[in-house]
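Residue strings, one per chain:
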Amino acid sequence: YPLAHLFADNRNVDTQYMKLQVPARLPLAEAAAAGRKMRMSAGDFVQLYRRDGPAHREFDAVLTCFFIDTGDHVLDYVDTIDGVLREGGHWINLGPLSYDKSVRLKLTWEELQAVWEDIGYHFASVEQKYSAYYLQPGVKLSTEQFDSVFSTAIKTKSR
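Each residue is numbered by its place in its chain's sequence as written, counting from 1. Where local features are concerned, this predicted model is filtered to residues with pLDDT of at least 70; where side-chain atom pairs are given and counted, the filter is 80 or more; whole-chain, interface and lining totals use all residues. With hydrogens and water stripped out, all remaining heavy atoms of the structure feed into the side-chain values.

(A) Geometry of the side chain of Asn-10. Helix and strand assignments follow DSSP, with helices taken as H or I runs no shorter than four residues and strands as E runs no shorter than two, numbered in order from the N terminus. Structurally, the position occupied by Asn-10 is in the segment before helix 1 (13-16). Overall, the relative accessible area of 18% leaves Asn-10 in the buried class. Here a polar contact is recorded for every N or O atom pair within 3.5 Å, except that within protein the pair must consist of a potential hydrogen donor and a potential acceptor, and residues adjacent in sequence are included only if both atoms are side-chain atoms. Among the polar contacts listed, one links the side chain of Asn-10 to the backbone oxygen of Leu-6, at a separation of 2.8 Å. Throughout, a residue-residue contact means that at least one pair of heavy atoms, one from each residue, lies within 4.5 Å. Those residues in contact with Asn-10 that lie beyond four places of it in its chain are Gln-16, Lys-140 and Leu-141. For the exposure calls, accessible area comes from a 1.4 Å probe over protein chains only, and a residue counts as buried if that area is under 20% of its type's maximum, exposed if over 50%, partly exposed in between.

(B) Main features of helix 5 (residues 109-118). Among the residues making up helix 5, those that are buried are Trp-109, Leu-112, Gln-113 and Trp-116. Looking down the long axis of helix 5, one finds its buried residues gathered within 100° of arc, a one-sided arrangement. Along helix 5, exposed side chains directed more than 90 degrees from the buried face belong to Glu-110 and Asp-118. Where helix 5 is buried, its residues touch helix 4 (74-84), strand 2 (85-95), strand 3 (121-132) and strand 4 (145-155). Arc definition: directions from the helix axis to the C-beta atoms.

(C) Here's a closer look at the sheet that holds strand 3. Spatially, 1-2-4-3 is the arrangement adopted by the four strands of the open sheet, whose pairing is mixed. Whereas interior strands pair on both sides, the edge strands pair on one side only; in this sheet they are strand 1 (59-65) and strand 3. Averaged over neighbouring strand pairs, the angle between their axes works out to 15° when direction is ignored. Strand pairing is assigned whenever DSSP detects at least two bridges linking the two strands. Here strand 3 pairs with strand 4 via 11 bridges, running antiparallel. Following the sheet pairing, Tyr-121 is matched in strand 4 by Lys-155. Every angle, taken between N-to-C directions, lies between 0 and 180 degrees, and every axis is a line fitted to C-alpha atoms, over only the stretch in contact when it is a helix.

See the structure below:
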């Protein structure tokens, strides 16, 4: 009941006290059934996965969802993601660029895409998608909404 404690902007009592199961499917079980491995690590992404980090390894794909704008320096994320993707690997991204006001370097999407292309990525798709942060429209009377970038980039060469 994720909205039970929220008493503002409720359309009705039923939506305030709606039941929600998370996750709907267990990703680890899905991966195992498909003969794949899945791993999640808690901690600072850059510190864990940088090229000399304790969790560093290579992946065929990296998915960032409402993530790329969350760090202190977006280029650290670019370098870290590039370091864990194999050549031919896919970086799939969904989210806005809603940087914290304390972040000094705030690249536009076009600038960020150019950085990726400069280090050897080809964008197979770039779309603008409407996304509500955590609720579909109509559940609450107001919710955070974003015009997000949904993109897939393929690593065509290693640095």
